[in-house]
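# Descriptive analysis of the structure
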Amino acid sequence: MTPLLIPMPGNSTLATELRSAFSCEIVSPELHRFPDEEVRVTLPAEFAGRDVHVLCSLDRPDDKILPIVFIAALARELGARRIGLIAPYLAYMRQDKRFNPGEAISSRPFARLLSQSFDWLLTVDPHLHRYKSLCEIYSIRTRVVHAAPALAQWIRTNVPRPVLVGPDGESAQWVSEVARDCSATYTVMRKVRHDDRTVDVEFADATSLAGRTPVLVDDIISSGQTMLSAIKALGRHGTATPICLAVHGVFASTAYDELLRSGARVLSTNTIFHPSNAVSLASPIASALEELHSSL
Ligand code: R5P
């Protein structure tokens, strides 16, 4: 039977792209908010015996979680064969440690919640820092798609003489991979985060910048402060106008406007629908879905 693809609000553009590479029927749910702000989901679809894929990028996750849990429960009650979650951006991965006494390590209960509702999870470059892999916290089958090849392809096509710049030690893992894939040099900066919106970034080694276009590559742009601090540091070295390239453009509050005002070009993949989307991951996500299905 044709698999069902259920795009949650904000995910229909990616759903349409996915359907051209992965055979499925798209059915959009209706979400009704009652006056007391409870939500009711309605999905008039035939679930019995079908593979169900809920597509929901989990930026700004708190209002999205209950609707997807309710849809998974509905599909299960009505006889779905397997229920998977495609969450191109996976939330709560940065809360992977008790940084201060009494703080919750939210990534763990969040993973438990999703693992109880879904049979598998597909995501793109989750923020794996202290966890080595998702299976440390997710008890269901997980599949990770890497954005590096698509980012490298975009750089190869659009940036003459690039130098890739990772804004912090954590970014070294994907910056080095992207740099290798597009045969570019790279350097990784040192970052000190003082609080949510105060970040200092500086070069350990700026020798590779001369005569090149800097491409700042990071997994997430949230407050934008990491990128803004890196742009300032590049300015101190007199480089060409930088390009900021993020896998996940969360762009909290005024982050996108602040970054544009800095003069940088700001681009992201389409894991989160946003005007900065320039690199589509529909094709690698569709391929990963095919592989996942053939191995379930
Ligand atoms: C760090 O842990 C991540 O890789 C990003 O550098 C970070 O999430 C960016 O956050 P912000 O945009 O708030 O500085």
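Residues numbered from 1 in each chain as written. Predicted model: local features only at pLDDT ≥ 70, side-chain atom pairs only at ≥ 80, totals over all residues. Heavy atoms only, no water.

### Describing the side chain of His 127
Our working rule: Per the convention used, a helix needs a DSSP run of H or I reaching at least four residues, while a strand needs a run of E reaching at least two, with both numbered from the N terminus. The cut-offs for exposure are 20% and 50% of the maximum accessible area for each residue type, with area from a 1.4 Å probe on protein chains only; residues under the lower value are buried, those over the upper are exposed, and the others partly exposed. Any N or O atom pair separated by 3.5 Å or less is treated as a polar contact, with the protein-specific requirement of one donor-capable and one acceptor-capable atom, and with residues adjacent in sequence counted only for side-chain atom pairs. Any two residues having at least one pair of non-hydrogen atoms within 4.5 Å are treated as being in contact.
Relative to the helices and strands, His 127 is located in the loop between β7 (120–124) and β8 (141–145). For His 127, a relative accessible area of 11% puts it in the buried group. Separated by 2.9 Å, the side chains of His 127 and Glu 170 make a polar contact. Residues in contact with His 127, not counting those within four places in the same chain, are Met 93, Arg 94, Glu 170, Trp 174, Asp 219 and Ile 220.

### Some thoughts on the site of the ligand
Counted only if it meets this: Being near a molecule or strand, for a residue, means having at least one of its heavy atoms within 4 Å of it. Method for areas: the Shrake-Rupley scheme with a 1.4 Å probe, in which residue coverage is limited to the protein chains shown. Residues are grouped as follows: Ala, Val, Leu, Ile, Met, Phe, Trp, Tyr, Cys and Pro are nonpolar; Asp, Glu, Lys and Arg are charged; every other residue, Gly included, is polar.
Around the ligand lies a shell of 15 residues, among which Arg 94, Asp 218, Asp 219, Ser 223 and Thr 226 are the nearest. At a separation of 3.4 Å, an oxygen atom of the ligand approaches a polar side-chain atom of Asp 168. Within the contact set of the ligand, an oxygen atom lies 2.6 Å away from a side-chain nitrogen or oxygen of Ser 223. Notes on the ligand: free accessible area 380 Å², of which the protein chains cover 94%. Among the secondary structure elements, those contributing two or more residues to the shell around the ligand are β10 (185–195), β12 (213–221) and α6 (225–236). Top element by residues in the shell around the ligand is β12. It accounts for 4 residues. Counted by class, the shell around the ligand contains 2 nonpolar, 6 polar and 7 charged residues.

### With respect to the domain arrangement of the chain
Heads up, the condition is: Domain ranges listed in this record stem from an automatic or a database domain assignment. By convention, the term buried area covers the 1.4 Å-probe accessible surface removed from two parts as they join, with the contributions of both added. For this document, the term salt bridge refers to a Lys or Arg side-chain nitrogen within 4 Å of an Asp or Glu carboxyl oxygen.
The domain boundaries assigned to the chain delineate domain 1 (4–146 + 281–295) and domain 2 (148–279). Summarising the inter-unit geometry, the C-alpha centres of domain 1 and domain 2 are found 27 Å apart. Taken together, the contacts link 18 residues of domain 1 with 20 residues of domain 2. Both sides together, the interface formed by domain 1 and domain 2 hides about 1,600 Å², and carbon and sulfur atoms give 54% of it. When the buried surface of domain 1 facing domain 2 is broken down by residue, Tyr 89, His 127 and Leu 281 rank first, second and third, together holding 33% of it. Taken together, the connections running from domain 1 to domain 2 amount to 0 salt bridges.

### A few points about the sheet that holds strand β6 (residues 82–87)
To be explicit about the condition: DSSP bridges decide pairing: two strands pair if at least two such bridges lie between them. Note on geometry: axes are C-alpha line fits, over the in-contact stretch for helices, and angles between N-to-C directions span 0 to 180 degrees.
The parallel open sheet is built from 6 strands, whose spatial order is β2-β1-β5-β6-β7-β8. On the outer flanks of this sheet lie β2 (25–26) and β8, each paired with one strand and no other. Bridge count between strand β5 (residues 51–55) and β6: 5 bridges; the pairing is parallel. Paired with Val 52 across the two strands is Ile 83, which belongs to β6. The sheet strands contacting helix α8 (residues 282–295) are β5, β6, β7 and β8, and the helix crosses β8 at an angle near 155°.

### Considering the pairing of β10
If a strand is regular, its side chains alternate between the two faces of the sheet. For strand β9 (residues 162–166) and β10, the ladder comprises 4 bridges, and the chain directions are parallel. Bridging across to β10, Gly 166 finds its partner in Val 188.

### Remarks on the layout of surface pockets
Remark: the empty space left among the atoms is shown by a probe the size of a water molecule rolled over them. The criterion, for reference: With a 1 Å grid spanning the protein atoms alone, the term cavity applies to any set of points in which a 1.4 Å probe fits but cannot get out, the term pocket to an open set with protein on both sides within 12 Å along at least five of seven lines, and the term lining residue to any residue with an atom within 4 Å of a point. Grid points are joined across faces, edges and corners, and a volume is the space filled by probe spheres set on the points.
Of the pockets and cavities examined, the largest pocket occupies roughly 1,100 Å³. Lining of the largest pocket is provided by 38 residues; of these, Arg 94, Gln 95, Arg 193, Asp 196 and Ser 222 occupy positions nearest its centre. Going through the elements one at a time, β10, β12 and α6 are the ones with two or more residues in the lining of the largest pocket. In terms of residue count, the dominant contributor to the lining of the largest pocket is β10 (5 residues). Grouping the constituent residues of the lining of the largest pocket by class yields 15 nonpolar, 9 polar and 14 charged. Counting contributing residues, the lining of the largest pocket receives three or more from each of domain 1 (4–146 + 281–295) and domain 2 (148–279). Along its surface, the second largest pocket is lined by Asp 125, Pro 126, Leu 128, Val 144, His 146, Ala 148, Gln 173, Trp 174 and Glu 177. Counting residues per element, the lining of the second largest pocket draws most heavily on helix α5 (residues 172–181), at 3 residues. Considered class by class, the residues forming the lining of the second largest pocket number 5 nonpolar, 2 polar and 2 charged.

### Notes on the sheet that holds strand β15 (residues 277–279)
Spatial strand order, β11-β10-β9-β12-β13-β14-β15: 7 strands in an open sheet with mixed pairing. The open sheet is flanked by β11 (198–203) and β15, the only strands paired with a single partner. Across the sheet, the mean angle separating the axes of adjacent strands is 35° when strand polarity is ignored. Summarising the sheet, strand β14 (residues 265–269) and β15 pair through 2 bridges and their orientation is parallel. The partner of Ser 268 across the bridge, within β15, is Asn 277.

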